[in-house]
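Below are the chains, spelled out letter by letter.
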Amino acid sequence: MKILGISGSPRRGNTTDKLVQTVLGAAECETEFISLAGKKIGPCKACLACVKDNVCKIKDDMAPLRSKLLEADGLVIGAPNFFSNLSGLSHCFLERFCQFRHMSEGRLLSGKEAVVVSTGTLQPGIPGDLIERLLPYYQMNHVGTVQAQGAAACFTCGYGETCSTGAVRMMYGEGAQITPELTPSLDRQEDKLEEARRLGRLLEKRLREKDAEHELNLN
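Okay, so let's go over this structure. (Residues numbered from 1 in each chain as written. Predicted model: local features only at pLDDT ≥ 70, side-chain atom pairs only at ≥ 80, totals over all residues. Heavy atoms only, no water.)

A short note on the overall build of the protein chain
Of regular secondary structure, the protein chain possesses six helices and five strands. When its helices and strands are written in sequence order, the protein chain yields β-α-β-α-β-α-β-α-β-α-α. With the C-alpha coordinates aligned to their principal axes, the bounding extent of the protein chain is approximately 65 × 40 × 25 Å. The 219 residues of the protein chain split such that 45% are buried. Taking the contacts inside the protein chain whose residues are at least 6 apart along the sequence as the reference set, 74% of them involve residues at least 24 apart. If the 27 positive side-chain charges of the protein chain are averaged to one point and the 27 negative ones to another, these points end up 6 Å apart. (Helix = DSSP H or I, 4+ residues; strand = E, 2+ residues; numbered from the N terminus. Buried < 20%, exposed > 50% of the residue type's maximum accessible area, 1.4 Å probe, protein only. Contact = heavy atoms within 4.5 Å. Lys, Arg positive; Asp, Glu negative; His and termini not counted. Charge placed at Lys NZ, Arg CZ, Asp CG, Glu CD.)

Here it is in structure tokens:
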């Protein structure tokens, strides 16, 4: 039994990565974490080359992930809010799931259990809402969603205190000074961390129940 966690954040080691890893850490089974940061994953081209064999023909960093997605019993999919949408990397990754959904006998992600991780500074719930809407396309089961506030790049770009259109001023108003206390941090969101751990345990429980049901049917 294995759970695969994917973070679609292009920034390594930040809120999305940490929250996905927290979900994985609560599951007492084999887990693997993959960051999409630095990977080259383009959008689906709607070329239909995957229709006959359910294998995407685009040659990029999505190709090695195909077997990992198929082998996993459960998935944890995380994405940050970029301008009230999924990050482009996350969206391209999920678009390329199209290769798994052709033909009734070829819907290869059908029945997989999925936890959604959603992060953002001003509206952390948006990515989760969008991922939840995509899961039915691949006939995946939604276990639950955890969302948490992360620190936008505005907090570290060097101009956050003076930028009139940045997240710092939008959140705290003109004249706000960036301090560790003012900067959103997952470490101070224990309720979100506990929810992530709860979902990790629930995902594991769902998978064990499915395994037991499968064994019962075999006997």
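Having seen the model, we can carry on.
Some details on the sheet that holds strand β3 (residues 74–80)
Taken together, five strands build an open sheet; the order of strands is β2-β1-β3-β4-β5 and the sheet is parallel. Each edge of the sheet is formed by a strand with only one pairing partner; in this case those strands are β2 (30–35) and β5 (141–149). Along the sheet, successive strands turn relative to each other by an average axial angle of 15 degrees, direction set aside. Here strand β1 (residues 2–7) runs beside β3; their pairing, made up of five bridges, is parallel. For G5, the partnering residue across the bridge sits in β3 and is V76. Where helix α4 (residues 126–134) meets the sheet, its contacts fall on β3, β4 (113–120) and β5, and the angle it forms with β4 comes to roughly 150 degrees. (Pairing = 2+ DSSP bridges. Axes fitted to C-alpha atoms, helices over the stretch in contact; angles between N-to-C directions.)

Things to note about the environment of P43
For P43, the location among the structural elements is in the loop between β2 and α2 (63–71). Given the relative accessible area of 43%, P43 is considered partly exposed. Excluding residues within four positions of it along the chain, P43 makes contact with I58, C92, E95 and R96.

Quick word on the packing of aromatic side chains
What characterises a pair of aromatic rings is the spacing of the ring centres plus the angle enclosed by the ring planes. Scanning all chains against the criterion turns up three aromatic pairs. Residues F93 and F97 carry aromatic rings whose centres are separated by 5.0 Å and whose planes lie at 70 degrees to one another, so their mutual orientation is edge-to-face. Side by side, F93 and F97 carry an identical accessibility label, which is buried. When the ring of F97 is compared with that of F100, the centres are 5.9 Å apart and the planes differ by 75 degrees; the resulting orientation is edge-to-face. Counting every residue linked through ring pairs, the aromatic cluster contains F93, F97, F100 and Y138. (Phe/Tyr/Trp six-rings, centres within 6.5 Å; stacked < 30°, edge-to-face > 60°.)

Structural notes on the nonpolar core
Membership of the largest hydrophobic core comes to 26 residues, with the highest contact counts inside it found for L36, I41, L69, F93, F97, I131 and M140. Sorting the residues of this core by element identifies β1, α2, β3, α3 (88–95) and β4 as the ones contributing at least two each. Every residue in contact with F93, bar those within four places of it in the chain, is listed here: I6, L36, I41, M62, L65 and L69. V20, A27, A148 and L186 belong to the second largest nonpolar core, which has 19 residues in total. (Core = buried A, V, L, I, M, F, W, Y, C linked by side-chain atoms within 4.5 Å.)

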